[in-house]
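Each chain is listed here by its residues.
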Amino acid sequence: MLFAYQYVNHNMEKMHEFIDYIFHEVWCKASTSSYSLDLYDGKPELKEVINKFHYSSTKGGDFFNAKIEEIYLIFKTFESQEIDQLKLWYQSNNNIEDLCKNNPTFTPSTYSTISQWNADLAAALKSFFSKLYSQDLLSLKDLADKIGDIDDHYNEFVKINSNGKCPFCGLHDIDSEDVHTREAYDHYLPKSKYPFSSINFKNLAPICYKCNSSNKGSKDPLQDKNGNRVKAFYPYDSFPYNIEIELKINSEDISNLKTQDISINFGPPSLKEELETWDYLFDIKQRYKSKCCSKDAKYWITQIFDECQDKSPSEFLSVKLETAGYSPFADNNFLRKPFLEACDALGIFSTEEA
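Residues numbered from 1 in each chain as written. Predicted model: local features only at pLDDT ≥ 70, side-chain atom pairs only at ≥ 80, totals over all residues. Heavy atoms only, no water.

J.: So what exactly am I meant to see when it comes to the overall build of the protein here?
T.: For the protein, the helix and strand inventory stands at 16 helices and 4 strands. Here the protein holds 354 residues, and 49% of them are scored as buried. Intrachain contacts of the protein at a sequence separation of at least 6 include 71% that bridge at least 24 residues. In the structure as shown, the protein presents an accessible area of about 17000 Å², 45% of it carried by carbon and sulfur atoms. Within the protein, the 54 negative side-chain charges are centred at a point lying 3 Å from the centre of the 39 positive side-chain charges. (Helix = DSSP H or I, 4+ residues; strand = E, 2+ residues; numbered from the N terminus. Buried < 20%, exposed > 50% of the residue type's maximum accessible area, 1.4 Å probe, protein only. Contact = heavy atoms within 4.5 Å. Areas by Shrake-Rupley, 256 points an atom, 1.4 Å probe, with all protein chains shown as cover. Lys, Arg positive; Asp, Glu negative; His and termini not counted. Charge placed at Lys NZ, Arg CZ, Asp CG, Glu CD.)

Structure representation (structure tokens):
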């Protein structure tokens, strides 16, 4: 990705805290207890939610309580070593950064992994965790009073992450807090595949529609298309990526460029694996090539000739390239710059006509 988001602390994180408590203090201790409201004494706010759900008879609340108890009864049949294994899987799947960096200490578990071990548990966990993010649950007043609202989280998020662009492609805007719509939150590790992390906000990131629905879908950032473990960019990394884009145009017919006329390479080499995963997830190279064949790219060229005034096109190009470097994500400058440099390498700006 072109840049990482800054993680935003918000009351919504309480939902993940509730799930942590349910997993460790309710399910993992099932063999030594009987199911009752007393199990939630260590988390009074959660206890209040569970109690209110019991008496409110809402679709989301009934589902939440019933699934917790169903999974509790399955956990009750496990031996201590089986519980220890589940704890390891839970811990690994919530270390999103380490999984993205392919830290060998953490091995992700999937529903398929758990199903081979215990099919009933896998089915129950998938039913529960895949719906934790649903509005049937999160919008319930008894829960929202404790954890807040997802729209409020989004507004706080985009105030701090005010770049205004989707970091996964850089091509499309991200809705700001000033409009009534908001971008969808992508489950970076797909909730259809990985248990335990569907309400972990370090696994949730606003993403533009083109990246989310048209490209990534259910692709897995932890595996390549052949199923091999790979490194991936972590959406909340503190490390600045400083992606390099090298673009070459293999045709002199600039007015009629086709995507096959353009080659793109990404750097730096130290991020080779992450860059390959990024391209696989979001079809980045093809989308960037398409952009370079668009009317926007044609305008990038004609602008140099139309606005150079008392400067030569080559001199004005230098000014535009320098400006683009200052604001790489405004007007697609991160892509405009290497595209214009590739045009310059063809000698386009050494003449007076495009």
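Structure's up, so let's keep going.
J.: What should I look at first to understand the pattern of salt bridges in this one?
T.: When the charged atoms of two side chains with opposite charge come close together, those side chains can pair. For the structure shown, the criterion picks out 19 salt bridges. The closest approach of N and O atoms between Asp41 and Lys47, which form a salt bridge, is 2.5 Å. Given the relative accessible area of 44%, Asp41 is considered partly exposed. Taking relative accessible area as the criterion, Lys47 reaches 24% and is therefore assigned partly exposed. Among the ionic pairs, Lys146 bridges to Glu48, the shortest N-O distance being 2.8 Å. Within this pair, whereas Lys146 is found in helix α9 (residues 141-147), its partner Glu48 is found in helix α2 (residues 44-56), the two being separated by 98 residues in sequence. Here Lys146 falls in the buried class, since its relative accessible area comes to 14%. By relative accessible area, which is 35% here, Glu48 ends up partly exposed. A cluster of three or more residues bridged by salt bridges with shared partners is formed by Glu48, Lys52 and Lys146. (Salt bridge = Lys/Arg side-chain N within 4 Å of Asp/Glu carboxyl O.)

J.: I keep staring at the packing of helix α14 (residues 295-307) against helix α16 (residues 333-345) and nothing clicks. Help me out?
T.: Angle between the axes and distance between the axes: these two values describe a pair of packed helices. One can describe the packing of α14 onto α16 by two numbers: an axis separation of 10 Å at closest approach and a directional angle of 65 degrees. Here the hand of the crossing between α14 and α16 comes out right-handed. Along its contact with α14, which presents Ala297, Trp300, Ile301, Gln303 and Ile304, the element α16 presents Leu335, Arg336, Phe339, Leu340 and Cys343. Of the residues assigned to the contact of α14 with α16, the class counts are 8 nonpolar, 1 polar and 1 charged. (Axes fitted to C-alpha atoms, helices over the stretch in contact; angles between N-to-C directions. Left-handed = near helix turned anticlockwise from the far one by under 90°. Nonpolar A, V, L, I, M, F, W, Y, C, P; charged D, E, K, R; others polar.)

J.: Can you help me understand the state of the cysteines in this one?
T.: Enumeration over the complete set of coordinates arrives at 0 disulfides. Not engaged in a disulfide, the cysteine Cys169 finds its nearest cysteine sulfur in Cys211; these two sulfurs lie 3.6 Å apart. The class of Cys169 is buried, set by a relative accessible area of 0%. Left without a disulfide partner, Cys308 is nearest to the cysteine sulfur of Cys343, which lies 15 Å away. Residue classification places Cys308 among the buried residues on the basis of a relative accessible area of 10%. (Disulfide = S-S within 2.5 Å.)

J.: How should I be thinking about the layout of surface pockets in this particular structure?
T.: Over the atoms rolls a probe the size of a water molecule, and in doing so it shows where empty space is left. For the largest pocket, the calculated volume is near 340 Å³. What lines the largest pocket is a set of 17 residues, among which Leu275, Glu276, Thr277, Asp279 and Tyr280 lie closest to the centre. For the lining of the largest pocket, the secondary structure elements donating two or more residues are β4 (262-267) and α12 (272-282). Of all the elements, α12 adds the most residues to the lining of the largest pocket, at 7 residues. Put simply, the second largest pocket is a space of about 250 Å³. Along the walls of the second largest pocket sit Leu2, Asn242, Ile243, Glu244, Ile245, Pro328, Phe329, Asn333, Phe334, Lys337, Pro338 and Glu341, which together make up its complete lining. Per element, the largest residue contribution to the lining of the second largest pocket is 5 residues, and it comes from α16. Partitioning the lining of the second largest pocket into residue classes produces 7 nonpolar, 2 polar and 3 charged. (1 Å grid on protein atoms, 1.4 Å probe; cavity = no way out; pocket = protein on both sides within 12 Å on 5 of 7 lines; lining within 4 Å. Points joined across faces, edges and corners; volume = space filled by probe spheres on them.)

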